Amino acid sequence: MKVRHNARRIQPGPLEYTRRAWMRMILLATFVFLYTPIATLVAFSFNDSRRNIVWRGFTTKYYEKALANDGLIEAFVNSLSIAFVSTFISIILGAMTAFMLWRFRFPLKPLYEGAVTLPIVIPEICMGVAMLVFFARIGWPTGLPWPLNLGQIAIAHVSFSFPFVAVVVRARLASFNPEIAEAARDLGAGEWAVMRDAVIPHMRPGLLAGGLLAFTLSLDDFVITFFTSGPESVTFPVKVYSMVRFSVTPEVNAASTVLVVITVTVTALALWIQNKQSSEARG
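Only a predicted model underlies this, so the values are computations on that prediction, with no experimental measurement involved. (Residues numbered from 1 in each chain as written. Predicted model: local features only at pLDDT ≥ 70, side-chain atom pairs only at ≥ 80, totals over all residues. Heavy atoms only, no water.)

S.K.: Talk me through the overall build of the chain; I want residue IDs and the actual numbers.
M.R.: From N to C terminus, the chain includes eleven helices and zero strands. Sequence-ordered secondary structure for the chain, helices as α and strands as β, is α-α-α-α-α-α-α-α-α-α-α. Among the 283 residues that make up the chain, the fraction classed as buried is 33%. Restricting to contacts in the chain with at least 6 residues of sequence separation, those with at least 24 account for 71%. Total accessible area on the chain stands at roughly 18,200 Å², and carbon and sulfur atoms take up 68% of it. (Helix = DSSP H or I, 4+ residues; strand = E, 2+ residues; numbered from the N terminus. Buried < 20%, exposed > 50% of the residue type's maximum accessible area, 1.4 Å probe, protein only. Contact = heavy atoms within 4.5 Å. Areas by Shrake-Rupley, 256 points an atom, 1.4 Å probe, with all protein chains shown as cover.)

This is the structure we're talking about:
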């Protein structure tokens, strides 16, 4: 004898429809507020007019001008080089700091935690001035060949990037089950084997997220870079600022659009890798 279960769907009432409508309107307004300036930037990068506020027609010549601008290309290469180096170092320092704060207890630990997060909360202008005074005080050499001339900018970027990595990785470590490490030790695994086979795989999403955050912060930073860069170590944001001082031309929009595309591509690639790793772990 078959028993049928007739599940009756509960229809939302007028109050539920009103609530959903308001939520959709708020979500739409948020997206418009966030992405309208970026869409305008991309659209006017194809504007066939030197006056950037008037649309004259579609063209790609300003992308050609931007790619033919040796100074802009050099600044862009400098920014990418600094971002990759500072991200790599920030991931290592941030992971070690997060693991130490999560795993060990030592005197003045709260004070050390506050010192680690200090670069996150202090204004960038103060950080830039502090780095400028620091390099001037130690007598950092100038006139070095590329890429050594980017060293002081890379150090400055690491100083404010690795705390973000440490915060993200430590938040990830908070969900780690210590019984897994204890079981591995009971089975004869050493500390390095536990770290390699249990802790680091659990940290991987946090390392990816923190590295992506550090890369974006380094690539987009202007204030601290402005104080630590020299005439032969100009980065992309500083170069764009020098161009904007005269006028906002479609060439500036084209260069900025290229930077936006690279940032979005790196973000999408990192999220795809993270989702793939999560799927493999669940499978």
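S.K.: Pulling in residues and values, what's your account of the nonpolar core?
M.R.: Among the nonpolar cores identified, the biggest contains 15 residues, and V169, L173, V199 and M203 are the most heavily contacted of them. Counting residues per element, the ones that place at least two in this core are α3 (70-103), α6 (151-173) and α8 (191-220). Those residues in contact with L173 that sit more than four places away from it in its chain are A98, F99, W102, V199, H202 and M203. (Core = buried A, V, L, I, M, F, W, Y, C linked by side-chain atoms within 4.5 Å.)

S.K.: Any details on the packing of aromatic side chains? Residues and values, ideally.
M.R.: Applying the stated rule across the entire model yields twelve aromatic pairs. Ring plane angle 20 degrees and centroid distance 5.7 Å describe the contact between F31 and Y35, whose orientation is recorded as stacked. Here F31 pairs with Y35, and both are found in helix α1 (residues 14-44), just four residues apart, close to one helical turn. What makes F31 partly exposed here is its relative accessible area of 44%. (Phe/Tyr/Trp six-rings, centres within 6.5 Å; stacked < 30°, edge-to-face > 60°.)

S.K.: Any chance you could break down the packing of α3 against α6 for me, citing the residues and the numbers?
M.R.: Between α3 and α6, whose axes approach to 6 Å, the crossing angle comes to 40 degrees. One finds that α3 runs oblique with respect to α6. Judged by the twist between their axes, the crossing of α3 over α6 is right-handed. Looking at side-chain class alone, the contact of α3 with α6 contains 17 nonpolar, six polar and one charged residues. (Axes fitted to C-alpha atoms, helices over the stretch in contact; angles between N-to-C directions. Parallel < 35°, antiparallel > 145°, perpendicular 65-115°, else oblique. Left-handed = near helix turned anticlockwise from the far one by under 90°. Nonpolar A, V, L, I, M, F, W, Y, C, P; charged D, E, K, R; others polar.)

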